[in-house]
Amino acid sequence: MKNNQFHELFILQLETMLGAEKQIIDVLPKLIKLAELEDLKDALSSHLSETEYQVERLEQIFGILNLSPNAKKSLSMEGILKEGEELIKNKSKSALLDAAIIASALKVEHCEMAIYGTLHSFAKHLKLDDQVAHLLQENLNEEGAADKRLSKIADGSLFASGINKEAAIEQKGR
């Protein structure tokens, strides 16, 4: 009985993750349009494509489990996305807006990494088909790569200053 409840918890989390990814797909095009920095536009556009593949992988997992994909609204993602809307609201195209977009996107990535990490662990402990854990790990890896790419845009590198530094300089000039 306990294992059955654990399996149900896994399915609920899987449905919520599917819903979260679909919520993200709805928001990313708006952020791409608002972003000024080309590297940020590229990172967000690339992650939009990855997110669409992540949805396909989640749907594949439902198929492996002989279940119909059922997306449930993610209340945590809804809150993070609403908070992101507040961060970017009333800002004109600038380094400050790009910094706010990155801050919002990083919160999304961290939430996704937490859920995918949990799902991956659940799948292993439930001894589900190895393909389930593999697909979840692929999604988790992509979220981690997106997090690193966004952080690099924010903080810069040895050869370029980051958007956060540019936003700070921009604000000092006002």
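Residues numbered from 1 in each chain as written. Predicted model: local features only at pLDDT ≥ 70, side-chain atom pairs only at ≥ 80, totals over all residues. Heavy atoms only, no water.

## Structural notes on the layout of surface pockets
Computed from the structure, the largest pocket encloses a volume of approximately 290 Å³. In this structure, the largest pocket is lined by 19 residues; those nearest its centre are Val27, Leu31, Leu81, Ile88 and Ser104. Of all elements in the fold, only helix 1 (2-34), helix 2 (38-64), helix 3 (75-88) and helix 4 (95-125) reach the threshold of two or more residues within the lining of the largest pocket. The biggest single contributor to the lining of the largest pocket is helix 1, with six residues. Residue classes in the lining of the largest pocket are distributed as 12 nonpolar, three polar and four charged. (1 Å grid on protein atoms, 1.4 Å probe; cavity = no way out; pocket = protein on both sides within 12 Å on 5 of 7 lines; lining within 4 Å. Points joined across faces, edges and corners; volume = space filled by probe spheres on them. Helix = DSSP H or I, 4+ residues; strand = E, 2+ residues; numbered from the N terminus. Nonpolar A, V, L, I, M, F, W, Y, C, P; charged D, E, K, R; others polar.)

## A short note on the nonpolar core
In terms of nonpolar packing, the biggest core is built from 51 residues, with Phe10, Leu14, Leu44 and Leu136 touching the most fellow members. Elements represented by at least two residues in this core include exactly helix 1, helix 2, helix 3, helix 4, helix 5 (130-155) and helix 6 (163-172). For this core, the leading source of residues is helix 4, giving 15 residues. Excluding residues within four positions of it along the chain, leucine 44 makes contact with Leu28, Leu31, Ile32, Ala35, Ile101 and Leu150. (Core = buried A, V, L, I, M, F, W, Y, C linked by side-chain atoms within 4.5 Å. Buried < 20%, exposed > 50% of the residue type's maximum accessible area, 1.4 Å probe, protein only. Contact = heavy atoms within 4.5 Å.)

## Digging into the packing of helix 4 against helix 5
It is at 9 Å that the axes of helix 4 and helix 5 come closest, and there the two elements cross at 160°. Classified by the angle their axes make, helix 4 and helix 5 are roughly antiparallel. Seen from above, helix 4 lies across helix 5 with left-handed handedness. Of the residues assigned to the contact of helix 4 with helix 5, the class counts are 15 nonpolar, seven polar and five charged. (Axes fitted to C-alpha atoms, helices over the stretch in contact; angles between N-to-C directions. Parallel < 35°, antiparallel > 145°, perpendicular 65-115°, else oblique. Left-handed = near helix turned anticlockwise from the far one by under 90°.)

## Here's the deal with the pattern of salt bridges
One pass over the full model with this rule turns up six salt bridges. The partner of glutamate 83 in a salt bridge is lysine 107, with the nearest N and O atoms 2.2 Å apart. A residue pair is termed long-range when its members are at least 10 positions apart, and glutamate 83 in helix 3 and lysine 107 in helix 4 qualify at 24 residues. The salt bridge partner of glutamate 86 is lysine 89, with a shortest N-O separation of 3.2 Å. By relative accessible area, lysine 89 is classed as partly exposed at 42%. Salt bridges sharing partners connect three or more residues here, namely Arg57, Glu138 and Glu142. (Salt bridge = Lys/Arg side-chain N within 4 Å of Asp/Glu carboxyl O.)

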